[in-house]
Structure formats: C-alpha cells, structure tokens
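Remarks on the overall topology
Here are the chains, one letter per residue:
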Amino acid sequence: AVYGPALDKGMSPASVVINAEGTIAGWGTEKGYPGGGLSSSRTYGFVTLRTGLAQSLNVVAARVLMEDVGVATAAEYMERVGIPSSQLNLDGPGLALGTSGITPIQMCAAYAAIANNGYYWAPISFTRVEDENGKVILDADVIRSGATKVYEQTSTAYQLVDILTDAVKSGTGKQAKMDGYSVAGKTGTNSKYSSVYFAGMTCDYTAVVWIGHDLPSNKLKTGSTGGDYAAALWKAFMEKIMQ
C-alpha cells in the first residue's frame, strides 16, 4: 500500500525521507504523526526509503503514504491484491500502519505478488480434485482466473524483494534468517501488543504468521514483537518446508 506504489511512481530505495516529529498533513490522529523509531539517534532525521522499510520506521511509512502516494492510490493497489476498500480503514493508520483488518491468507497472497515479479494470483485451497477413477474434476491451473499485474517487475517488485531481504539480514526480521537460503520479509507489531505478524518469502514459497488472541482485549506479553516471535515461528516451519 505504501512502498510498492511509491517505487512505481518513481521513488527509489535511495530516496530520502525525514524520520522526525512533526505534523503530517491528513494523517488523521490527534498527535498528527505516528511514533516508531523516533527515539533512536541512529535513525532519527533523514533516512532512505530502504532504511525506513527495513527498520519498520512508522513515520517514514506515514510520510511516504501521505506526501508521495496518497490514500486513494494506496487503496487502489490494495484492491489489485484482492483486498477491497470496504475492508480497509481508508486513512493513514489504516494503510501505512496496518490498523485495517486483513486476514493472513490475504496478506500472504499480497506478499506473494511481490515475490512473483509483481503479479497477483488469487489464493485457492486445492491443486487438483479427482474422482474415484482418477479423472480430474477440478484443476486449479484451469479454473483459476488470470494473474493481475500489481507492480512493475524490475523497478518495483525486484527492488521490494531486495529491500525486504535487508529487513531479514539486518532489520527487524533477523529471526527469520535461514542458513543456505535467501529470505525476504516484513515484521508487524500491533499497538499495545495485541498481536504480531511476519510475512516472509523464499525462492519458492511465501508464508505468513500471525500470533494473537481471538479476543482483542487479551494481549500478548509486554514487549512482544513480530521480529521476536512471528519471525522465529515462521523460520521453524519454513526450514522444514525448504528441506
């Protein structure tokens, strides 16, 4: 919703964004901008798009959305990856920080579009159905609708994967690193530790982990993050799948 459209619109991983306190026009909260990353002298001030994404800097995502992409364009891109506007909070927090209610399967299919050279395929729950004689009744490759182009391949999809690889190598997703495999991915931590996410990609598979409670009033342990818990769980099963 943010970085993909920004790259499609001509920004690059080296584009500079200010990661600092200050009102962001149209952000939609009383404070006027989100927190996240501002207390660190290492990242405070001007940072690149690459750093903002790899280090999960909320202000950078907010500024890119509101100042470069726009809410309407972000929502259009979400539609392209199968997430209708009716399901989204069409504001800054809903599109830049993940306060919209998106299911893990929707998230996985959206990230798979990045890994698949920018093309989205609607997720399905089977590959083939046969009758008792082995005759194919349903074939996923036949009935699945065609792919939708979401991002430009070289200028956007490739660069997004490259940045998300940095997020695992040295950013918030380090717990997902696997020996012998290239991994790209993004962590997520909801406010007040209500749940955590990790969406990750290898050369073959895209998978998403969400950890939380059925009741939003129940919280995870204070300090829980997508990088510490969801990324580690993702690695635990993905290593076996890759082997």
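Everything that follows concerns the structure shown earlier in this document.
Residues numbered from 1 in each chain as written. Predicted model: local features only at pLDDT ≥ 70, side-chain atom pairs only at ≥ 80, totals over all residues. Heavy atoms only, no water.

Broken down by element type, the protein carries nine helices and nine strands. For the protein, whose C-alpha radius of gyration is 18 Å, the value lies close to the compact-globule estimate of 18 Å for 243 residues. For the protein, the C-alpha atoms occupy an extent of roughly 65 × 40 × 35 Å along the three principal directions. The burial tally for the protein puts 42% of its 243 residues in the buried class. In the protein, the share of contacts with a sequence separation of at least 24, taken over all contacts with a separation of at least 6, comes to 61%. Accessible surface, the protein as shown: approximately 12500 Å² in total, 50% of it carbon and sulfur. Of the charged side chains in the protein, 19 are positive and 21 negative, and the gap between their average positions amounts to 7 Å. (Helix = DSSP H or I, 4+ residues; strand = E, 2+ residues; numbered from the N terminus. Rg over C-alpha atoms; globule rule 2.2 N^0.38 Å. Buried < 20%, exposed > 50% of the residue type's maximum accessible area, 1.4 Å probe, protein only. Contact = heavy atoms within 4.5 Å. Areas by Shrake-Rupley, 256 points an atom, 1.4 Å probe, with all protein chains shown as cover. Lys, Arg positive; Asp, Glu negative; His and termini not counted. Charge placed at Lys NZ, Arg CZ, Asp CG, Glu CD.)

The antiparallel open sheet is built from three strands, whose spatial order is 7-8-9. On the outer flanks of this sheet lie strand 7 (184–189) and strand 9 (206–212), each paired with one strand and no other. Mean inter-strand twist for the sheet, computed between neighbouring axes without regard to direction, equals 10°. Pairing of strand 7 with strand 8 (residues 195–201) involves six bridges; the strand directions are antiparallel. What sits directly across from Ala184, in strand 8, is Met201. Running over the sheet, helix 6 (residues 104–115) touches strand 7, strand 8 and strand 9 and is turned about 150° from strand 9. Along the sheet face, helix 8 (residues 153–169) touches strand 7 and strand 8 and points at about 65° away from the line of strand 7. (Pairing = 2+ DSSP bridges. Axes fitted to C-alpha atoms, helices over the stretch in contact; angles between N-to-C directions.)

Bringing the nonpolar core into the picture now. Ranked by size, the top nonpolar core spans 48 residues in total, and within it Tyr3 and Val64 carry the most contacts. When contributions to this core are tallied by element, the ones reaching two or more residues are helix 1 (3–8), helix 2 (49–54), helix 3 (58–69), helix 4 (71–80), helix 5 (92–97), helix 6, helix 8 and strand 8. The greatest single-element share of this core, amounting to eight residues, is contributed by helix 3. Ignoring anything within four residues of it in the chain, the contact list for Tyr3 reads Leu49, Gly52, Leu53, Leu57, Val60, Ala61 and Leu160. Formed by 14 residues, the second largest nonpolar core is a distinct cluster that contains Val168, Ala176, Val183 and Phe198. (Core = buried A, V, L, I, M, F, W, Y, C linked by side-chain atoms within 4.5 Å.)

Let us now look at the environment of Ala6. When you line up the elements, Ala6 lands in helix 1. Apart from residues lying up to four places away in sequence, Ala6 is in contact with Met11, Val64 and Val69.

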